[in-house]
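Examination of the molecular architecture
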2 protein chains.
Amino acid sequence: MHQSGDIVKKLAEQGYRLTPQRMMTISAIEKSDGHISAEEIYAQVITKYPQVNISTVYRTLELLKKLGLVTETDFGEGRVRYHPAGKGHHHHLVCQDCGAIIDLGEAVLAPLKNDLLREYGFSADLRHLAIFGRCVNCNK
Amino acid sequence: MHQSGDIVKKLAEQGYRLTPQRMMTISAIEKSDGHISAEEIYAQVITKYPQVNISTVYRTLELLKKLGLVTETDFGEGRVRYHPAGKGHHHHLVCQDCGAIIDLGEAVLAPLKNDLLREYGFSADLRHLAIFGRCVNCNK
DNA sequence: TTTCGTGCAAACCCTTTGCATTTGC
DNA sequence: GCAAATGCAAAGGGTTTGCACGAAA
């Protein structure tokens, strides 16, 4: 299992500086159980460190993406959300009516992934895929 | 089967005005076999009708979406692409390496759609879904 | 004629960038 | 000390909006 501090450790290992801005950005991402946007990270960091700039948050996110430490999911909101890569992958059902987000284990899409590989030679990256539609309640 | 003019007909039926700007926007969408972006529609319309404004294209697209006459696909380019709803649905495999887009029949995702409905009561809208990954060639 | 649609320009949102300054190591 | 990272402010890309003018029915 992965524990808190993983991301910081990897940054340090690779020779990146552990600035307070980076630490707090990472902490916000790790604390968020679900998915967090750049704005939300910024809002959280600024309460403890009022002089941060949102561009620093974006730069940190880009670094973490590059290093494969966080992944992005697009929920079709016009902005992207971030998730620690170490926390395991999952997929999401996004209700277009009520906005509910239902988490889906990796297993559910495993058959699809296999089909695509077998039939098309296509290696699908389904990490944090968002599937849109209507949830049970809104479907009634 | 659907034929050219479907969209125009439906607009008229619902009492919307058939302005040249709308006709040409619709024509651009219907002519494009694949998926077309707002900018591309605009570029096409402006050659025949130089005074159009891109905001009119956007307003037309919004109207057509509202009426269910076009659907959108997000290929992760930071912009959305449009497709006539009447032309039948399909899905896409988008190669993150070479940018290739492989079309996928509706049948391939039918099992997934059924699974989601049965197991989660979730009615997935998979029209023009884009799945990211690596195509056969880039996978070697 | 009268409501609907358009052009224009400005604003919008999220994200990125150039540059001078600061800071971790 | 010095490269790396930050803050600031401005620009960027795609999209939306307010308002007065123009045109479809």
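Scoring rules and cut-offs
Residues numbered from 1 in each chain as written. Chains lettered and ligands numbered in written order. Predicted model: local features only at pLDDT ≥ 70, side-chain atom pairs only at ≥ 80, totals over all residues. Heavy atoms only, no water. Contact = heavy atoms within 4.5 Å. Buried area = accessible area lost by both parts, 1.4 Å probe. Salt bridge = Lys/Arg side-chain N within 4 Å of Asp/Glu carboxyl O. Polar contact = N/O pair within 3.5 Å; in protein donor to acceptor, adjacent residues only side chain to side chain. Helix = DSSP H or I, 4+ residues; strand = E, 2+ residues; numbered from the N terminus. Near = heavy atom within 4 Å. Nonpolar A, V, L, I, M, F, W, Y, C, P; charged D, E, K, R; others polar. Domains from an automatic or database assignment. Pairing = 2+ DSSP bridges. Buried < 20%, exposed > 50% of the residue type's maximum accessible area, 1.4 Å probe, protein only. Least-squares fit on C-alpha atoms with pLDDT ≥ 70 in both. Axes fitted to C-alpha atoms, helices over the stretch in contact; angles between N-to-C directions. Disulfide = S-S within 2.5 Å.

Looking now at the interface of chain B and chain A. Taken together, the 26 residues of chain B in the interface contact 26 residues of chain A. Of the roughly 2,100 Å² buried at the junction of chain B and chain A (both faces included), carbon and sulfur atoms supply 68%. Here chain B and chain A share zero salt bridges between them. Between chain B and chain A we count six residue pairs in polar contact (both at pLDDT 80 or more) in total.

What follows covers the pattern of salt bridges. All names here are of chain A. What the rule picks out here adds up to 14 salt bridges over all chains. Close ionic contact of arginine 118 with aspartate 115 constitutes a salt bridge, the shortest N to O distance being 2.9 Å. Of this pair, arginine 118 and aspartate 115 are both found in helix α5 (residues 110-120), three residues apart, which corresponds to roughly one turn of the helix. Ionic contacts of the salt-bridge type, sharing partners, join the residues Glu40, Glu77 and Arg81 into one network.

Attention now moves to the protein's contact with DNA strand D. For DNA strand D, the set of nearby residues contains 20 residues, the closest of which are Thr19, Gln21, Thr56 and Arg59 of chain A together with Tyr58 of chain B. Considering DNA strand D, the proportion of its atoms within 4 Å of the protein that are sugar or phosphate atoms stands at 65%. In this structure, a phosphate oxygen belonging to DNA strand D sits 2.7 Å away from a side-chain N or O atom of threonine 19 of chain A. Those elements giving two or more residues to the surface near DNA strand D turn out to be α2 (20-31) and α4 (54-66) of chain A together with α4 (54-66) of chain B. Broken down by class, the residue content of the surface near DNA strand D amounts to six nonpolar, eight polar and six charged.

Moving on, we get to the domain arrangement of chain A. Residues and elements named next belong to chain A. Partitioning chain A into domains gives domain 1 (6-86) and domain 2 (91-133). Between the C-alpha centres of domain 1 and domain 2 there is a distance of 24 Å. Each partner contributes to the interface: domain 1 provides eight residues, whereas domain 2 provides seven residues. The junction of domain 1 with domain 2 conceals about 560 Å² of combined surface from both sides, 69% of it contributed by carbon and sulfur atoms. Of all residues in domain 1, Thr71, Thr73 and Phe75 give up the largest surface area on contact with domain 2, accounting jointly for 68% of the area buried on that side.

The next point concerns the sheet that holds strand β5 (residues 101-104) of chain B. An order of β6(A)-β7(B)-β4(B)-β5(B) is seen for the four strands of this open sheet, with the pairing classed as mixed. Bordering the open sheet on either side are β6 (123-124) of chain A together with β5 of chain B, each of which pairs with just one other strand.

Residue and element names in this part refer to chain B. Tracing the backbone through its elements, the reader meets cysteine 95 in strand β4 (residues 91-95). The buried category is assigned to cysteine 95, whose relative accessible area is 2%. Separated by 39 residues in sequence, cysteine 95 and arginine 134 place their C-alpha atoms 4.7 Å apart.

Each copy of the chain is related to the other by a rotation around an axis and a translation along that axis. Note on the copies: chain B fits chain A at an RMSD of 0.2 Å, the axial shift is 0.1 Å, and the rotation between them is 179 degrees. Within this description, the copies of the chain are treated as partners about a two-fold rotation axis. Measuring from the rotation axis to each C-alpha of chain B, the shortest distance belongs to leucine 112 of chain B, at 3.6 Å. Most of the interface of chain B is mirrored in chain A: 100% of its interface residues are interface residues there too.

Think of a sheet as strands paired side by side through backbone hydrogen bonds, with each pair either parallel or antiparallel. Residues and elements named next belong to chain B. Taking strand neighbours across the sheet as the criterion, the three strands line up as β1-β3-β2 in an open arrangement whose pairing is antiparallel. Both edges of this open sheet fall to β1 (36-37) and β2 (70-74), since each of them pairs with a single strand only. Judged from the two bridges that link them, β1 and strand β3 (residues 80-84) form a sheet pairing that is antiparallel. Residue pairing for β3: isoleucine 36 is matched across the bridge by tyrosine 82. Strands β2 and β3 of the sheet are contacted by α4, whose axis makes an angle of about 110 degrees with β2.

What follows concerns the state of the cysteines. A full pass over the atoms with the stated rule returns zero disulfides over all chains. The thiol of cysteine 138 of chain A is not disulfide-bonded; the next cysteine sulfur, from cysteine 98 of chain A, is found 3.7 Å away. Cysteine 98 of chain B supplies the cysteine sulfur nearest to cysteine 95 of chain B, a cysteine that is in no disulfide, at a spacing of 3.7 Å.

Here we come to the protein's contact with DNA strand C. In the neighbourhood of DNA strand C, 23 residues make up the surrounding shell, with Tyr58 of chain A together with Arg17, Thr19, Gln21 and Thr56 of chain B lying closest. By atom count, sugar and phosphate contribute 69% of the portion of DNA strand C lying within 4 Å of the protein. Glutamine 21 of chain B is positioned such that a nitrogen or oxygen atom in its side chain is 2.7 Å from a sugar or linking oxygen of DNA strand C. Within the side chain of arginine 22 of chain B, an N or O atom sits 2.7 Å from a phosphate oxygen of DNA strand C. Contributions of two or more residues to the surface near DNA strand C are made by α3 (38-48) and α4 of chain A together with α2 (20-31) and α4 of chain B.

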